[in-house]
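Below, each chain spelled out in residue letters.
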Amino acid sequence: MAEIRLEAIKKNYGRTEVIHGIDAEISDGEFIVIVGPSGCGKSTLLRMVAGLETITSGDIHIGDRIVNDLEPRERDIAMVFQNYALYPHMSVFDNMAYGLKIAKVPKAEIDSRVQEAARMLELEPYLDRKPRQLSGGQRQRVAMGRAIVRKPAVFLFDEPLSNLDAKLRVQMRLEIKALQRKLGVTAMYVTHDQVEAMTLADRMIVMNAGVAEQVGAPLDVYANPASLFVAGFIGSPPMNVLSHEIRPGREKLDPGAVIGIRPEHIDLVAPGAGLIDFDVAFCEPLGAETLVHGVTAAGDKLVVRIDGAVTLPADGVPMGLAIDPAHILAFDASGRRSEV
Amino acid sequence: MEKRVVFNNRWLPYLLVAPQLLVTFVFFFWPAGQAIYQSAFIPDPFGLKTQFVGLGNFEYLFGNRYYLESFSTTAIFSVLVTVSSMSFALWLAVLADRVIKGSSAYRTLLIWPYAVAPAIAGVLWLFMFNPFTGIIAWMLFQVGYVWNHNLDGGQAMALVVAASAWKQISYNFLFFLAGLQAIPKSVIEAAAIDGASFWRRFWTIIFPLLSPTTFFLLVVNVIYAFFDTFGVIHTITQGGPQQSTTILVYKVFADGFVGQDLGSSAAQSVVLLVLVGILTVVQFRFIERRVHY
Ligand SMILES: Nc1ncnc2c1ncn2[C@@H]1O[C@H](COP(=O)(O)OP(=O)(O)O)[C@@H](O)[C@H]1O
Ligand SMILES: [Mg+2]
């Protein structure tokens, strides 16, 4: 059990700086998710915590130690890799027991710990198999098992579910969360999938191009994105971005500034009855909900999320949009949130 | 799933394999047949006629002290060449695998010895170790060690082993490096996180995962040591002193072409043939089973 503190972490590869100074505090037992588009430096950050990459500058604290110069094995962490990184020539049992054998844990205890992990992960029938004789989901569980038998202070996950099919991904997501709760271990989890981030995280770090754009609880980040990037990245479909002012009693927006509004905060009403007018282009019925795509009178593209049970408006029909101005967020020309 | 090619023309498949069969026949089956045939005869001292002796040549061979010594010389030589060239190549490959910058330059440099013909490799080492003019022989003398492989059988063996192994290192290095690079980095990182030190990772993860490569190289190197080292031995020691570096293949040459005892030479070739057959079977049957995947 441990808290983690990142202080002004930077990373250079040669001359290129890929992480530009990240600060974060992760409390004991917290599940923190690092989310961001591919190539933004999530893995690099996680690997620095693991000790697999050197830190160019800054400090990483795990528990009460600064671990900057410690070997991975001295950091009391376990990591689950995207490709699982199982030892292909060892049985499932040996894969899980490897770290314990190195730590010179007595044989009887190795046995009982591996058996317990296998029971928890429903791997008992496969202990004698080699990794290549397992399905993707089972390999994933072995990788998890290898991490939990060592009882580390911190779990690190680097996109552990991205090689699984969609259904299994949802199931494993729940299992990972349940397991982390049960064991009470601090977890850092990297993903590019914002839904995964929203569902798993106690708090999340939204990263973009080597910078932490926002740190916060999923729903706070969703409701109060600190930047246009976060507003667009978190939420599906993303927040609508309009370059023309629609709030009553206001002048034009500053050049480059925009306003944002989530698709579920808009209601379709009769033409002229809403805040602005809108032409329906087409509808995407998804069952529980329907996404209505269209263009505002000022020419901004916009998506409205409505209840799936409502009769669909026909393509090309003019409608009105009812919007509570309190839900409208403003962003300045640099993409930061602004109050006006 | 087996992939099968279906030919419409009956003769086309035969035509396509014909060149390979022809080469195999001319350069392998025919000489091998000749060797078996000749091993049953001895020529008279003037080479005018031959006399059928059945297994006489073989009987004589296995009663011959020099021939039996050549067996153990070959065994020692092959083990030394194989082990030293493979372990040195593996060491270099592990080092090169850790270098990212300039690795292609290292690789190219390390491949060069393989392009050197065996006889040239032999001459190269001979120059360095020539007891009178060789620079290394001179340096050894400066530290009080007398080097003369023309007199000392142990030194002669060491020199031909070194030259033969050196030439094969590049080849082994290439395969080991490719093998190392095929091991996913994350597997090794996982072991590091699991607490394994570098050597522990090497012996419990890397080495077992390299075993298909190691096995392949073992076969290639033993066969190399048996046959392809002829040029090295011929240029450096001519099998001497006192036959201390006369391996089986060199003895075939020495008895047949120098000693003109064609019957015995042919019989030795047959023995070699059988030996290589047995070695290959043993390697595939017993060692391959212990290879992972
Ligand atoms: N070993 C490396 N050498 C040079 N650049 C690297 C290396 N590893 C990653 N990078 C660069 O660092 C950036 C962040 O990479 P990474 O952390 O893997 O991104 P993510 O995991 O968010 O997709 C990328 O632009 C990538 O090209
Ligand atoms: Mg990544």
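For clarity, every value in this text was computed on a predicted model and none was experimentally measured. (Residues numbered from 1 in each chain as written. Chains lettered and ligands numbered in written order. Predicted model: local features only at pLDDT ≥ 70, side-chain atom pairs only at ≥ 80, totals over all residues. Heavy atoms only, no water.)

**Student:** Lay out the overall build of chain B with the relevant residues and their values.
**Tutor:** Of regular secondary structure, chain B possesses 13 helices and two strands. If you line up chain B on its principal axes, its C-alpha atoms span 75 × 75 × 30 Å. When the 293 residues of chain B are sorted by exposure, 40% land in the buried category. If you take every contact in chain B between residues at least 6 apart in sequence, the share linking residues at least 24 apart comes to 68%. Positive and negative side-chain charges in chain B, numbering 16 and 12 respectively, have mean positions lying 11 Å apart. (Helix = DSSP H or I, 4+ residues; strand = E, 2+ residues; numbered from the N terminus. Buried < 20%, exposed > 50% of the residue type's maximum accessible area, 1.4 Å probe, protein only. Contact = heavy atoms within 4.5 Å. Lys, Arg positive; Asp, Glu negative; His and termini not counted. Charge placed at Lys NZ, Arg CZ, Asp CG, Glu CD.)

**Student:** Describe the sheet that holds strand β14 (residues 276–285) of chain A, naming the residues involved and giving the relevant values.
**Tutor:** Residues and elements named next belong to chain A. The five strands are arranged β13-β17-β14-β15-β16 in an open sheet whose pairing can be described as antiparallel. This sheet does not close on itself; its edge strands, each paired only once, are β13 (266–269) and β16 (301–307). Neighbour-to-neighbour, the strand axes of the sheet open up by a mean angle of 45 degrees, direction not taken into account. Inspection of the sheet shows β14 paired to strand β15 (residues 289–296) by seven bridges, in the antiparallel sense. (Pairing = 2+ DSSP bridges. Axes fitted to C-alpha atoms, helices over the stretch in contact; angles between N-to-C directions.)

**Student:** How would you explain the domain arrangement of chain A if you had to name every residue and give the values?
**Tutor:** How big an interface is tends to be stated in terms of accessible area lost as the parts join. All names here are of chain A. Segmentation of chain A into domains returns domain 1 (4–227) and domain 2 (240–338). Here the C-alpha centroids of domain 1 and domain 2 sit 39 Å apart. Contact between domain 1 and domain 2 buries roughly 630 Å² in total, counting both sides, with carbon and sulfur atoms accounting for 37%. In this assembly, domain 1 and domain 2 are joined by one salt bridge. (Domains from an automatic or database assignment. Buried area = accessible area lost by both parts, 1.4 Å probe. Salt bridge = Lys/Arg side-chain N within 4 Å of Asp/Glu carboxyl O.)

**Student:** Summarise the site of ligand 1; cite the residues concerned and give the values.
**Tutor:** Residues and elements named next belong to chain A. In the vicinity of ligand 1, the residues found are Tyr-13, Val-18, Pro-37, Ser-38, Gly-39, Cys-40, Gly-41, Lys-42, Ser-43 and Thr-44. With respect to ligand 1, the backbone of Gly-41 contributes an N or O atom lying 3.0 Å from an oxygen atom. Contact distances for ligand 1 include 2.6 Å between an oxygen atom and a side-chain N or O atom of Ser-43. Contact with the protein chains removes 55% of the 560 Å² of surface that ligand 1 exposes when unbound. The element best represented in the shell around ligand 1 is helix α1 (residues 42–50), accounting for three residues. Looking at the shell around ligand 1 residue by residue, the classes come out as four nonpolar, five polar and one charged. (Near = heavy atom within 4 Å. Polar contact = N/O pair within 3.5 Å; in protein donor to acceptor, adjacent residues only side chain to side chain. Areas by Shrake-Rupley, 256 points an atom, 1.4 Å probe, with all protein chains shown as cover. Nonpolar A, V, L, I, M, F, W, Y, C, P; charged D, E, K, R; others polar.)

**Student:** Give me the lowdown on the side chain of A:Gln194, citing residues and values where you can.
**Tutor:** Residue and element names in this part refer to chain A. Mapped onto the fold, Gln-194 is located in helix α6 (residues 194–200). Side-chain polar atoms of Gln-194 contact the backbone nitrogen of Gly-235, separated by 2.9 Å. The residues touching Gln-194, leaving out its near neighbours within four places in the chain, are Val-35, Phe-233, Ile-234, Gly-235 and Ser-236.

**Student:** Give me the interface of chain A and chain B: which residues, what numbers.
**Tutor:** Of the residues lining the interface, 24 residues belong to chain A; the matching set on chain B comes to 19 residues. Counting across the chain A and chain B interface gives two salt bridges. B:Glu189 serves as the salt-bridge partner of A:Arg47, at 2.7 Å between the closest nitrogen and oxygen. Across the chain A-chain B interface, the total number found is nine residue pairs in polar contact (both at pLDDT 80 or more). For the side of chain A that touches chain B, the secondary-structure elements that each account for two or more residues are α1, β6 (77–80) and α2 (92–102) of chain A. Counting residues per element, the side of chain A that touches chain B draws most heavily on α2(A), at five residues. Partitioned by chemical class, the residues of the side of chain A that touches chain B number 14 nonpolar, four polar and six charged.

**Student:** Any details on helix α5 (residues 118–129) of chain B? Residues and values, ideally.
**Tutor:** Since the α-helix advances by 3.6 residues per turn, residues separated by three or four positions end up pointing in the same direction. Residue and element names in this part refer to chain B. Over its 12 residues, α5 runs 16 Å from end to end, which matches the ideal 16 Å to within 8%, given 1.5 Å per residue. For α5, the complete set of buried residues consists of Ala-121, Gly-122, Trp-125 and Phe-129. Burial along α5 is one-sided: seen end-on, the buried residues are contained in an arc of 100 degrees. Here the buried face of α5 lies against α6 (135–142), α7 (153–181) and α11 (230–236). (Expected span 1.5 Å × (residues − 1). Arc of directions from axis to C-beta.)

**Student:** Go over the environment of B:Leu177 with me, naming the residues and quoting the values.
**Tutor:** All names here are of chain B. Mapping Leu-177 onto the fold places it in helix α7. In this structure Leu-177 comes out as buried when scored by relative accessible area, which is 3%. In contact with Leu-177, not counting residues within four places along its chain, are Ala-93, Ala-96, Asp-97 and Arg-107.

**Student:** Lay out the pairing of strand β10 (residues 211–216) of chain A with the relevant residues and their values.
**Tutor:** Residues and elements named next belong to chain A. Across five bridges, strand β9 (residues 203–208) lies against β10 in antiparallel orientation. Each residue of the ladder has a partner; that of Asn-208, found in β10, is Val-211. Joining the antiparallel neighbours β9 and β10 is a turn of two residues, in which Ala-209 adopts a positive phi near 50 degrees.

**Student:** Can you lay out the sheet that holds strand β5 (residues 65–66) of chain A for me, pointing to particular residues and giving the numbers?
**Tutor:** Residue and element names in this part refer to chain A. Ordered by their spatial adjacency, four strands build an open sheet running β2-β1-β4-β5, and the pairing between neighbours is antiparallel. Of all strands in the sheet, those with a lone pairing partner are β2 (16–26) and β5, marking the two edges. Of the strand pairs in this sheet, strand β1 (residues 4–13) and β2 are connected by eight bridges, and their pairing is antiparallel. Residue pairing for β2: Lys-11 is matched across the bridge by Ile-19. Across the sheet, α1 is in contact with β1, β2 and β4 (57–62); its angle to β1 comes to roughly 115 degrees.

**Student:** Now, about unusual backbone geometry: what can you tell me, with residues and values included?
**Tutor:** At the junction of A:Ser236 and A:Pro237, the peptide bond is cis and its omega measures out at -5 degrees in the coordinates. With respect to the helices and strands, the residue A:Pro237 is situated in the loop between α8 (228–233) and β11 (240–242). Backbone geometry places A:Ala209, a non-glycine residue, at a positive phi of 50 degrees. Its place among the elements puts A:Ala209 in the loop between β9 and β10. A relative accessible area of 48% places A:Ala209 in the partly exposed class. Positive phi, normally seen in glycine, also occurs at B:Gln242, with a value near 45 degrees.

**Student:** With reference to specific residues and values, describe the pattern of salt bridges.
**Tutor:** Note that side chains of opposite charge can pair when their charged atoms are close. Within this structure, the stated rule accounts for 18 salt bridges over all chains. Across the pair A:Glu109 and A:Arg113 runs a salt bridge, and its minimum N-O distance is 3.1 Å. With A:Glu109 and A:Arg113 both in helix α3 (residues 107–120) and four residues apart, the pair spans about one turn of that helix. Note on A:Glu109: relative accessible area 34%, which makes it partly exposed. For B:Arg65, the salt bridge is made with B:Glu69, and the minimal N-O distance between the two is 2.7 Å.

**Student:** Can you tell me about the packing of aromatic side chains, naming the residues and giving the values?
**Tutor:** The description of two aromatic rings rests on the distance between their centres and on the angle between their planes. Residue and element names in this part refer to chain B. Under the defined criterion, the tally for this structure stands at 29 aromatic pairs over all chains. Ring plane angle 45 degrees and centroid distance 5.0 Å describe the contact between Tyr-37 and Phe-41, whose orientation is recorded as tilted. The exposure class assigned to Tyr-37 is exposed, which follows from its relative accessible area of 52%. Judged by its relative accessible area of 19%, Phe-41 is buried. Note on Tyr-67 and Phe-71: the rings are 5.4 Å apart at their centroids and 90 degrees apart in plane angle, and the pair reads as edge-to-face. Of this pair, Tyr-67 and Phe-71 are both found in helix α3 (residues 65–98), four residues apart, which corresponds to roughly one turn of the helix. (Phe/Tyr/Trp six-rings, centres within 6.5 Å; stacked < 30°, edge-to-face > 60°.)

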